[in-house]
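# Breakdown of the fold
Single-letter residue listing:
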Amino acid sequence: MKNMIKDAAILVAITVIAGFILGFVYQNTKGLIAQREAQDKKEACLEVFNDAADFEEMQDCFTEEVKKAFEDNGYAGERIDDAAKALSESGEVLGYVLTITTSEGYGGDIQFTLGIQNDGTVNGISILSISETPGLGMQAEDVLKPQFKNKKVTQFAYTKTGATAENQIDAISGATITTNAVTNGVNAGLYYFETYLAGGSANE
């Protein structure tokens, strides 16, 4: 019995000490982690809006109302994770940066940022996370990303026969699911911009 009590006391002591150490480490690193996350986020925004001097995060960008509107308009697999105003040195709103996740990828969720100027021109996209088939869907960064840059359209469509119009995106050979997912995600972002940002609730 004495040995059991002794062993239990040792385990309790180890647990308390380990908890104290973990708490100490967390308190001393959480500030650095938060700073790093903020820096990574700003770099992602700058990649799709390098003319901006700063970014102002917008709150409650994907409300239940927006979610329902997405579902009603064919974007049930997409969501807006974050939205930020792209600001000039003087604080003028140059456009917006949206962080979008689409669940329609072949390997799961695909998350990317989308930069849109006030006139609706797409600056480009930057893929943040993707888990598609190596050699096929993983070509999204090289094949799809450049095709959205500096395009001003209301909606994109992908094609397997070669793009012949401004709104057409050449599909990745053998990876139409990935192409469709990214294209739908960008279209969801354009829909959100036109409905809630360009003269909509963001400017009320």
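Our structure is the block above this text.
Read on for a plain summary of the structure. From a predicted model like this one, the values you see are computed outputs, not experimental measurements.

Next up on the list: the pattern of salt bridges. Applying the stated criterion across every chain, the model contains 3 salt bridges. Here Glu47 ties to Lys145 by a salt bridge, and the two come within 2.6 Å at their closest N and O atoms. Here the residue Glu47 occupies a position in helix H1 (residues 2-48), and Lys145 occupies one in the loop between helix H3 (140-144) and strand S6 (157-159), the gap between them amounting to 98 residues. Linking Asp81 and Arg79 is a salt bridge whose minimum nitrogen-to-oxygen distance equals 2.7 Å. Taking the relative accessible area as the measure of exposure, Asp81 reaches 23% and is therefore partly exposed. On the basis of relative accessible area, Arg79 is assigned to the partly exposed category, the value being 36%.

To continue, consider the sheet that holds strand S4 (residues 108-117). Sheet architecture is open: 5 strands sit in the order S1-S2-S3-S4-S5, paired in antiparallel fashion. The strands lining the two open edges of the sheet, one partner per strand, are strand S1 (54-58) and strand S5 (122-129). For this sheet the average axis-to-axis angle between neighbouring strands, irrespective of direction, equals 25 degrees. Two strands pair when backbone bridges link them, and strand S2 (residues 78-87) and strand S3 (residues 93-105) are joined in this way by 9 bridges, in the antiparallel orientation. Counterpart to Ala83 in the pairing with S3 is Leu98. Contacting S1, S2, S3, S4 and S5, helix H4 (residues 176-197) crosses the sheet at an angle of about 140 degrees to S3.

Looking at the element boundaries, Phe112 is found in strand S4. Judged by relative accessible area, which is 0%, Phe112 ranks as buried. Each C-alpha atom, one on Phe112 and one on Ile125, is 6.5 Å from the other, the two residues being 13 residues apart in sequence. The residues contacting Phe112, other than those within four sequence positions of it, are Leu98, Thr99, Ile100, Ile125, Ser126, Ile127, Leu128, Val182, Gly185 and Val186.

Our next topic: the packing of aromatic side chains. In this structure the tally under the stated criterion is 7 aromatic pairs. Judged by centre distance (5.3 Å) and plane angle (75 degrees), the rings of Phe62 and Phe70 are edge-to-face. By relative accessible area, Phe70 is classed as buried at 1%. Taken together through their ring pairs, the aromatic side chains of Phe62, Phe70, Tyr75 and Tyr191 make up a single cluster.

With that out of the way, let us pick up unusual backbone geometry. With phi around 50 degrees, Asp60 is a residue other than glycine that occupies positive phi space. Phi angles above zero are rare outside glycine, and Asn150 is one such case at about 60 degrees. Note on placement: Asn150 falls in the loop between H3 and S6.

What counts, and at which threshold
Residues numbered from 1 in each chain as written. Predicted model: local features only at pLDDT ≥ 70, side-chain atom pairs only at ≥ 80, totals over all residues. Heavy atoms only, no water. Salt bridge = Lys/Arg side-chain N within 4 Å of Asp/Glu carboxyl O. Helix = DSSP H or I, 4+ residues; strand = E, 2+ residues; numbered from the N terminus. Buried < 20%, exposed > 50% of the residue type's maximum accessible area, 1.4 Å probe, protein only. Pairing = 2+ DSSP bridges. Axes fitted to C-alpha atoms, helices over the stretch in contact; angles between N-to-C directions. Contact = heavy atoms within 4.5 Å. Phe/Tyr/Trp six-rings, centres within 6.5 Å; stacked < 30°, edge-to-face > 60°.

Note that all results are geometric; they support no functional claim without further evidence.
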